[in-house]
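Notes for the structure review
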Protein chains: 6
Amino acid sequence: MFLHLSTWAEIGQFLERSRTIVIPIGSNEQHGPTGLLGTDWMCPEIIAGEAQKLADILIAPTFNIGMAQHHLGFPGTISLRPSTFMAAIGDWVRSLAGHGFEKIFFLNGHGGNIASIEAAFSELYAEASFARRRAGFALKLCNWWDLEGVDALAREQFPTGHGIHATPTEIAVTQWAYPDFIKSAEYSPRIANWGPIREALDFRARHPDGRMGSDPAQASIEKGRQLVALAAQGLVQEVQAFGDEAIPG
Amino acid sequence: MFLHLSTWAEIGQFLERSRTIVIPIGSNEQHGPTGLLGTDWMCPEIIAGEAQKLADILIAPTFNIGMAQHHLGFPGTISLRPSTFMAAIGDWVRSLAGHGFEKIFFLNGHGGNIASIEAAFSELYAEASFARRRAGFALKLCNWWDLEGVDALAREQFPTGHGIHATPTEIAVTQWAYPDFIKSAEYSPRIANWGPIREALDFRARHPDGRMGSDPAQASIEKGRQLVALAAQGLVQEVQAFGDEAIPG
Amino acid sequence: MFLHLSTWAEIGQFLERSRTIVIPIGSNEQHGPTGLLGTDWMCPEIIAGEAQKLADILIAPTFNIGMAQHHLGFPGTISLRPSTFMAAIGDWVRSLAGHGFEKIFFLNGHGGNIASIEAAFSELYAEASFARRRAGFALKLCNWWDLEGVDALAREQFPTGHGIHATPTEIAVTQWAYPDFIKSAEYSPRIANWGPIREALDFRARHPDGRMGSDPAQASIEKGRQLVALAAQGLVQEVQAFGDEAIPG
Amino acid sequence: MFLHLSTWAEIGQFLERSRTIVIPIGSNEQHGPTGLLGTDWMCPEIIAGEAQKLADILIAPTFNIGMAQHHLGFPGTISLRPSTFMAAIGDWVRSLAGHGFEKIFFLNGHGGNIASIEAAFSELYAEASFARRRAGFALKLCNWWDLEGVDALAREQFPTGHGIHATPTEIAVTQWAYPDFIKSAEYSPRIANWGPIREALDFRARHPDGRMGSDPAQASIEKGRQLVALAAQGLVQEVQAFGDEAIPG
Amino acid sequence: MFLHLSTWAEIGQFLERSRTIVIPIGSNEQHGPTGLLGTDWMCPEIIAGEAQKLADILIAPTFNIGMAQHHLGFPGTISLRPSTFMAAIGDWVRSLAGHGFEKIFFLNGHGGNIASIEAAFSELYAEASFARRRAGFALKLCNWWDLEGVDALAREQFPTGHGIHATPTEIAVTQWAYPDFIKSAEYSPRIANWGPIREALDFRARHPDGRMGSDPAQASIEKGRQLVALAAQGLVQEVQAFGDEAIPG
Amino acid sequence: MFLHLSTWAEIGQFLERSRTIVIPIGSNEQHGPTGLLGTDWMCPEIIAGEAQKLADILIAPTFNIGMAQHHLGFPGTISLRPSTFMAAIGDWVRSLAGHGFEKIFFLNGHGGNIASIEAAFSELYAEASFARRRAGFALKLCNWWDLEGVDALAREQFPTGHGIHATPTEIAVTQWAYPDFIKSAEYSPRIANWGPIREALDFRARHPDGRMGSDPAQASIEKGRQLVALAAQGLVQEVQAFGDEAIPG
């Protein structure tokens with residue numbers, strides 16, 4: 001069930017049977033010579049979309065612009081500063097918690113978001129903690145590649161050249177969902193190098209085509225299909241477990 | 001051409017032939033008994049999607065959460081505070097201007113966004129103005145219902161009961177695009193009342209089912225089709241005119 | 001009755017008979033070759049000053065610096081950024097609401113303020129809306145040229161060359177109030193041109209003497225007297241209607 | 001010369017002969033049983049107004065709302081938080097420095113403003129200091145009661161019962177300028193007590209009628225006249241000395 | 001008793017017998033040719049450390065980076081902007097007040113901190129004042145050189161050349177506490193000059209070796225010992241008086 | 001070499017031979033029944049203090065208050081909100097980078113700081129990235145328990161009951177450095193439980209004595225000595241490698 005394709009009355013009814021909501025969150029940023037700029041927000045959106053076909057879970061609109069300052073050296077990247085990102089996450093959570101959502105699950109598609117999402121959670125919890133009161137909601141961050149079974153499948157599919165940016169897994173997921181937008185390019189070197197992540201010009205100097213440690217040529221629609229199917233099942237499990245989790249008094 | 005379905009290299013090539021980009025922007029908020037919560041961000045997204053089939057224009061990801069504090073009394077509404085909204089618009093613009101985009105066009109789907117978007121523009125321009133330097137970019141806000149011919153068609157389609165929130169035009173646009181998600185309800189009164197817009201509980205007390213002055217029962221897929229077709233053409237014209245506009249020295 | 005010429009005890013007494021206050025708000029910015037820099041905050045101050053002679057209404061000190069970033073290319077302009085402006089409006093409102101004022105009326109003298117004032121209102125209401133509680137106050141923005149009858153008189157006085165900045169109406173109002181400070185200059189062209197409003201250097205390039213669409217040479221003390229008299233009456237009506245407005249439960 | 005009664009061209013001409021500007025700054029807050037709420041911003045405005053008759057100095061509009069959080073327990077007080085106050089001072093200074101003003105002189109009328117004004121200066125200077133560049137402007141804070149000779153006259157006029165809030169000197173200054181708004185009341189005790197300054201309810205509990213250490217009954221129009229005359233002369237001297245001060249390379 | 005060398009249970013027990021805590025606060029900044037960069041935070045830390053041997057008072061960790069923007073022209077200075085400094089003080093106070101501390105005493109070692117600390121206090125009190133509620137805590141700023149008897153001793157020890165930055169008193173205090181880190185240098189001139197404090201490059205142009213009005217060559221370990229002993233006694237008195245102070249209803 | 005025990009001239013000389021600085025950073029928070037509140041900032045301070053005896057490395061003052069909102073339910077904890085923490089880290093870095101430090105190394109002692117420190121780094125880098133310029137500095141976060149060999153030693157010393165908060169390793173380090181402040185208590189259960197980290201009251205409900213998964217009774221001075229010695233060596237290596245790292249053009 002998608003929140004944005006529902007009426008307010010339908011959400012009111014949903015809240016009578018569940019207090020849990022899933023927010024796909026990612027980033028819009030360069031993904032190497034062939035990866036789509038939307039990869040990191042489309043992957044969790046795709047997986048969440050499949051998951052809601054399997055179970056009665058509610059999917060919020062996608063939080064599509066994340067913390068990608070290091071990719072700003074490549075055309076098309078759009079980034080929030082961490083402070084802006086945190087403020088926006090705060091307003092999303094306050095909006096939803098005010099309706100009665102008590103378990104807010106962020107399905108994340110971008111490694112570069114993790115620190116800022118966790119900082120945003122702490123900023124939100126701190127409002128309650130400074131006031132020595134209960135928050136009234138629990139927040140959970142889960143990267144889609146950490147869902148049950150996904151990492152094992154990825155290792156099997158891509159024993160080498162997986163890397164950490166513009167990876168063949170994320171490329172495969174978008175190939176399955178957007179087969180009309182599959183791009184091709186020569187990769188040189190075949191497997192990209194690694195390095196520390198700092199400001200955008202430093203990143204581009206280290207990673208001229210945008211990849212980090214990956215060989216996206218290995219991606220395929222079929223591998224994407226397998227990944228999405230497994231991740232959607234894993235998401236349903238995670239969300240149900242989170243929803244069922246008891247909060248101590 | 002969708003930015004998120006392109007690679008960074010494709011955007012680099014686009015920048016050689018155009019410095020203009022379109023950002024669909026809206027809100028995720030209650031739209032009465034039958035309107036979808038995503039109506040206000042889906043309408044500009046739908047129209048921009050059609051427009052990019054007609055001409056070589058570039059569409060950014062949709063800015064889907066806007067300033068809807070007055071609708072927070074209805075489940076499912078998600079709102080940014082104006083200050084958060086302005087900070088986020090600022091980061092989007094800085095990201096894009098840094099790539100060389102000089103004309104940034106916001107196609108808006110929510111009346112409640114207008115003041116905050118304009119304030120955001122002023123905040124951005126002020127950075128240049130305080131420093132007595134040029135901004136390097138021009139920003140434009142255009143509501144989809146102000147595109148050439150749209151208002152005339154809306155008056156013809158809905159001589160009465162158009163209203164200003166949960167209007168039959170916006171409902172019709174989403175019906176055309178999402179025919180599987182058409183909802184129905186009894187409206188009482190048939191045409192909703194009006195009132196000032198203040199905080200959320202005040203709004204809900206004045207507008208118990210969420211509508212303002214509208215009779216959405218008049219919407220239809222066919223009317224939506226006509227509106228989208230006209231708006232898409234109007235958008236192409238507006239974007240081209242904006243892109244062609246000369247900036248004085 | 002002017003708040004700043006009253007004691008705290010007198011304001012305490014006023015609150016027993018009314019919960020409404022008027023804040024003149026404007027901007028300090030260039031107004032063409034002959035307009036005073038203070039025009040936009042002096043006009044509402046002048047009108048409010050006359051209105052409080054006609055009825056028992058309370059006038060706050062004038063909020064004299066507004067959002068005028070686009071005029072910073074001309075000496076003497078002082079501007080707040082929208083975010084600063086909004087923070088200041090917020091503190092004014094919180095101060096007054098804490099005393100028991102429930103209807104806070106901003107009489108505005110600068111078109112460039114409108115978006116930021118409305119955004120400030122939403123920011124204030126959002127505090128209540130996120131917490132799902134009542135705000136406890138209602139805010140109203142009214143431009144002095146929108147007061148009953150003023151626009152009709154202005155059209156009659158200045159059928160051509162009214163324009164939107166350094167207009168003959170606002171010049172006339174200040175001529176009536178400050179006859180010792182009437183300036184003169186040659187205008188070329190007689191009626192100034194128009195254009196989009198962006199950053200300050202862009203504005204100055206488009207509007208070399210600062211006017212937008214106006215011919216201020218038509219202003220006169222007598223026309224100013226008529227405008228002020230009419231506006232003062234209109235203000236009394238608006239303020240009383242706002243004060244009398246019932247708030248739904 | 002008042003900035004707000006000048007045109008932008010006149011300010012441009014002034015900048016050719018001087019780079020110094022005076023900003024009257026104060027507060028709008030309770031001043032005991034008989035003091036006007038505007039006392040603290042009207043005093044520097046009055047003195048600056050007289051000073052500009054004596055010499056070619058430029059007076060900006062009055063910054064009329066200051067940091068008066070501790071007086072919010074009394075009706076009519078309007079306060080900015082320190083952070084808002086600092087942001088606003090910052091925008092005033094940036095606006096003026098951008099026009100070429102190099103010496104910006106704040107004539108202050110409220111002791112409670114001092115710390116926040118100095119913090120605002122440091123915040124502004126810090127922008128330059130972090131960047132290891134020159135600021136391009138010098139800022140000066142001067143309380144009107146610290147102008148040459150004023151303190152000696154005040155001690156002579158009011159050997160006892162001067163106090164620090166709702167003082168007979170500030171009451172006298174406003175009596176001279178606004179003789180139609182002189183109020184009277186019984187004071188009990190004749191000389192008010194003292195105490196630490198904390199939050200508003202604490203302040204009101206300690207100072208039930210708002211005074212701190214003062215006996216305002218001693219004020220008179222004639223004493224006000226003497227104070228204003230002396231202060232205006234002192235201001236001219238201070239402003240000229242500040243304007244003449246050389247900045248080391 | 002040092003908070004950081006205690007367990008949470010021990011602090012819980014302390015709160016049963018006292019609601020007062022002392023925070024040493026200073027700055028890390030250049031102190032002339034021979035002064036240690038940590039002088040301004042080490043002095044209050046040293047004095048507080050001695051004081052807690054004399055009485056049952058609780059010392060918080062040292063707030064070691066203050067507002068020293070004007071010293072950034074000299075290597076090793078670390079400064080917060082006033083706004084950052086104020087935010088941090090705010091979080092310290094909110095943390096401690098939430099545990100039940102009602103009297104929070106800042107023992108300050110840097111004159112440049114004073115305005116920003118006072119502004120921070122007002123910012124904190126304002127939260128309560130805007131809401132018209134009690135703060136629940138009282139804040140006190142005390143510079144170590146203002147403790148009982150310290151100024152008299154300093155005048156006796158250093159009749160000339162005390163100055164206001166890199167003073168012989170503060171050098172002496174650190175010499176006593178860190179005898180292994182006593183530095184020496186030629187001073188030229190022997191007593192440094194004075195001037196206004198503005199941005200960092202201005203400061204360095206006026207004060208090439210960093211001193212203001214001081215002759216630190218007069219410092220000695222023995223003089224430091226005397227100063228610390230006296231200040232520690234004075235601190236115990238001040239803290240006890242503050243702790244005993246009654247808050248009016 | 002400690003920055004705070006040096007003069008500005010000595011730091012100027014250091015900058016001629018190195019552009020690297022180490023900042024110990026931690027938190028002041030409850031550490032179970034026997035752990036000192038300062039544990040998390042004292043551990044990196046202790047290790048850095050030992051390391052600077054082994055090599056010519058420069059140690060900044062300790063950043064002693066971190067992000068510990070979840071511990072605010074226990075007396076003595078002092079926490080910054082993530083946004084405050086990030087602002088403060090920003091000012092530290094800007095201060096140091098302005099002096100010419102190009103490699104800024106944060107030796108961290110608190111797991112709860114990690115996300116906020118990384119977000120702070122991104123916020124700083126983003127300033128450069130939005131402007132498409134080089135940052136001019138590189139930032140590195142290193143937890144002391146991740147220094148070469150430390151984890152292996154910890155596993156050997158504490159095969160069970162290490163846990164993640166109030167761990168025997170950190171207790172041992174402070175026991176070695178502060179042998180006069182060793183506390184004892186009965187632990188029940190011997191090894192504490194685990195759970196998610198949310199707001200402070202939730203944390204205290206889950207972890208009544210403050211520990212997470214640890215058995216601190218296993219700590220000893222000797223184990224602390226071994227850990228510090230190894231960590232100090234590891235720190236020297238890490239800092240030298242970081243200082244030697246080449247930055248691509």
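Conventions used here
Residues numbered from 1 in each chain as written. Chains lettered and ligands numbered in written order. Predicted model: local features only at pLDDT ≥ 70, side-chain atom pairs only at ≥ 80, totals over all residues. Heavy atoms only, no water. Helix = DSSP H or I, 4+ residues; strand = E, 2+ residues; numbered from the N terminus. Rg over C-alpha atoms; globule rule 2.2 N^0.38 Å. Buried < 20%, exposed > 50% of the residue type's maximum accessible area, 1.4 Å probe, protein only. Contact = heavy atoms within 4.5 Å. Areas by Shrake-Rupley, 256 points an atom, 1.4 Å probe, with all protein chains shown as cover. Lys, Arg positive; Asp, Glu negative; His and termini not counted. Charge placed at Lys NZ, Arg CZ, Asp CG, Glu CD. Axes fitted to C-alpha atoms, helices over the stretch in contact; angles between N-to-C directions. Parallel < 35°, antiparallel > 145°, perpendicular 65-115°, else oblique. Least-squares fit on C-alpha atoms with pLDDT ≥ 70 in both. Pairing = 2+ DSSP bridges. Right-handed = clockwise from strand over helix to strand, strands pointing away. Salt bridge = Lys/Arg side-chain N within 4 Å of Asp/Glu carboxyl O. Buried area = accessible area lost by both parts, 1.4 Å probe. Nonpolar A, V, L, I, M, F, W, Y, C, P; charged D, E, K, R; others polar. Phe/Tyr/Trp six-rings, centres within 6.5 Å; stacked < 30°, edge-to-face > 60°. Lys NZ or Arg CZ within 6 Å of the ring centre and 35° of its normal. Disulfide = S-S within 2.5 Å.

1. So, the overall build of chain A
Looking only at helices and strands, chain A features 8 helices and 3 strands. Across chain A, helices and strands are ordered from the amino to the carboxyl terminus as α-β-α-α-β-α-β-α-α-α-α. On C-alpha atoms alone, chain A measures out to a radius of gyration of 18 Å, which is about the 18 Å that the 2.2 N^0.38 rule sets for 249 residues. With the principal axes as the frame, chain A shows a C-alpha extent of 55 × 35 × 30 Å. Burial status across chain A gives 65% buried among its 249 residues. When contacts within chain A are restricted to residue pairs at least 6 apart in sequence, long-range pairs at least 24 apart make up 75% of them. Carbon and sulfur atoms provide 51% of the accessible area of chain A, an area that totals close to 8,000 Å². Side chains of chain A give 19 positive and 27 negative charges; the mean places of these two sets differ by 4 Å.

2. Structural notes on the packing of helix α6 (residues 168–177) of chain E against helix α8 (residues 221–244) of chain E
All names here are of chain E. In contact at an axis separation of 7 Å, α6 and α8 are set at 95° when each is read in the N-to-C sense. Considered as vectors, α6 and α8 are oriented roughly perpendicular to each other. Every residue of α8 that contacts α6 at T169, A172, V173, Q175 and W176 is listed here: I221, K223, G224, R225, L227 and V228.

3. Side note on the relation of the copies chain C and chain D
Each copy of the sequence occupies a distinct position, and chain C is placed on chain D by a rotation of 180° and an axial shift of 0.0 Å, giving an RMSD of 0.0 Å. Both copies are brought into coincidence by an operation consistent with a two-fold rotation axis. Minimal C-alpha distance to the rotation axis in chain C is attained by T84 of chain C, lying at 3.5 Å. Take the interface residues of chain C: 100% of them recur as interface residues in chain D, which is what a same-surface contact looks like.

4. Comments concerning unusual backbone geometry
Excluding glycine, most residues fall at negative phi; most peptide bonds, likewise, are trans. The residue after S188 of chain C, namely P189 of chain C, is reached through a cis peptide bond having omega 0°. A positive phi angle, near 60°, is found at A166 of chain A, a position not held by glycine. Along the polypeptide, A166 of chain A turns up in the loop between α5 (150–157) and α6 (168–177). The class of A166 of chain A is buried, set by a relative accessible area of 0%.

5. Remarks on the environment of F181 of chain E
Locating F181 of chain E in the fold gives a position in the loop between α6 and α7 (200–206). A relative accessible area of 32% places F181 of chain E in the partly exposed class. Ignoring anything within four residues of it in the chain, the contact list for F181 of chain E reads L36 of chain E together with L5 of chain F.

6. Remarks on the sheet that holds strand β3 (residues 138–143) of chain F
Residues and elements named next belong to chain F. Reading across from one edge, β1-β2-β3 is the order of the 3 strands in this open sheet, with parallel pairing throughout. Of all the strands in the sheet, just β1 (20–25) and β3 have a single pairing partner and so form its edges. When the angles between neighbouring strand axes are averaged without regard to direction, this sheet yields 20°. The sheet contact formed by strand β2 (residues 103–108) and β3 spans 6 bridges and is parallel. Across the sheet, the residue bridging to K103 is A138, located in β3. Sitting on the sheet, helix α2 (residues 39–54) touches β1 and β2, and the angle it makes with β1 is about 145°.

7. A few points about the pairing of β3 of chain F
Summarising burial for β3 of chain F: 5 of the 6 residues are buried, a large majority. Regarding the hand of the β-α-β motif, the stretch spanning β2 of chain F, helix α4 (residues 114–130) of chain F and β3 of chain F is right-handed.

8. A word on the pattern of salt bridges
If you walk through the whole model with that rule in mind, you get 90 salt bridges over all chains. Across the pair R94 of chain A and D91 of chain A runs a salt bridge whose closest N-O atoms are separated by 2.9 Å. You can see R94 of chain A and its partner D91 of chain A sitting in helix α3 (residues 82–99), 3 residues apart, about one turn around the helix. Among the ionic pairs, R155 of chain B bridges to D151 of chain B, the shortest N-O distance being 2.8 Å.

9. Remarks on the sheet that holds strand β3 (residues 138–143) of chain C
Residue and element names in this part refer to chain C. One open sheet accounts for 3 strands, arranged β1-β2-β3; its pairing is parallel. Sheet topology places β1 (20–25) and β3 at the edges, where each strand pairs with a single neighbour. The average angle at which neighbouring strand axes cross in this sheet is 20°, direction not considered. Relative to strand β2 (residues 103–108), β1 is paired through 6 bridges, and the arrangement is parallel. Its bridge partner being in β2, I25 is matched across the sheet by N108. Packing against the sheet, helix α4 (residues 114–130) makes contact with β1, β2 and β3, and its axis sits at approximately 175° to β3. With respect to the sheet, helix α8 (residues 221–244) is in contact with β1, β2 and β3, its orientation differing from that of β2 by roughly 155°.

10. Let's talk about the interface of chain C and chain D
Contact with chain C, which involves 49 residues of that partner, is made by 49 residues of chain D. The largest contributions to the chain C side of the interface with chain D come from L5, W8 and H99 of chain C, which together make up 20% of the buried area. Between chain C and chain D we count 4 salt bridges in total. The partner of K183 of chain C in a salt bridge is E10 of chain D, with the nearest N and O atoms 2.7 Å apart. Elements represented by at least two residues in the side of chain C that touches chain D include exactly α1 (8–17), α2 (39–54) and α3 (82–99) of chain C. Of all the elements, α3 of chain C adds the most residues to the side of chain C that touches chain D, at 9 residues. Along the lines of polarity and charge, the residues of the side of chain C that touches chain D split into 24 nonpolar, 18 polar and 7 charged.

11. Quick word on the packing of aromatic side chains
This structure, assessed with the given rule, holds 48 aromatic pairs over all chains. Considering the side-chain rings of F63 of chain D and F85 of chain D, the 5.4 Å spacing of their centres and the 80° angle between planes classify their relative orientation as edge-to-face. Highlighted residues: F63 of chain D in the loop between α2 (39–54) and α3 (82–99) and F85 of chain D in helix α3, separated in sequence by 22 residues. Joined through ring pairs, the aromatic side chains of W8 of chain A together with F74 and F203 of chain B make up one cluster. Cation over ring: K103 of chain A sits above F242 of chain A, and NZ or CZ is 5.6 Å from the ring centre.

12. A closer look at the state of the cysteines
All names here are of chain F. As enumerated under the stated definition, the model contains 0 disulfides over all chains in all. Among the cysteines around C43, which has no disulfide bond, C142 carries the closest sulfur, lying 14 Å off. According to the relative accessible area criterion, C43 is buried, its value standing at 0%.

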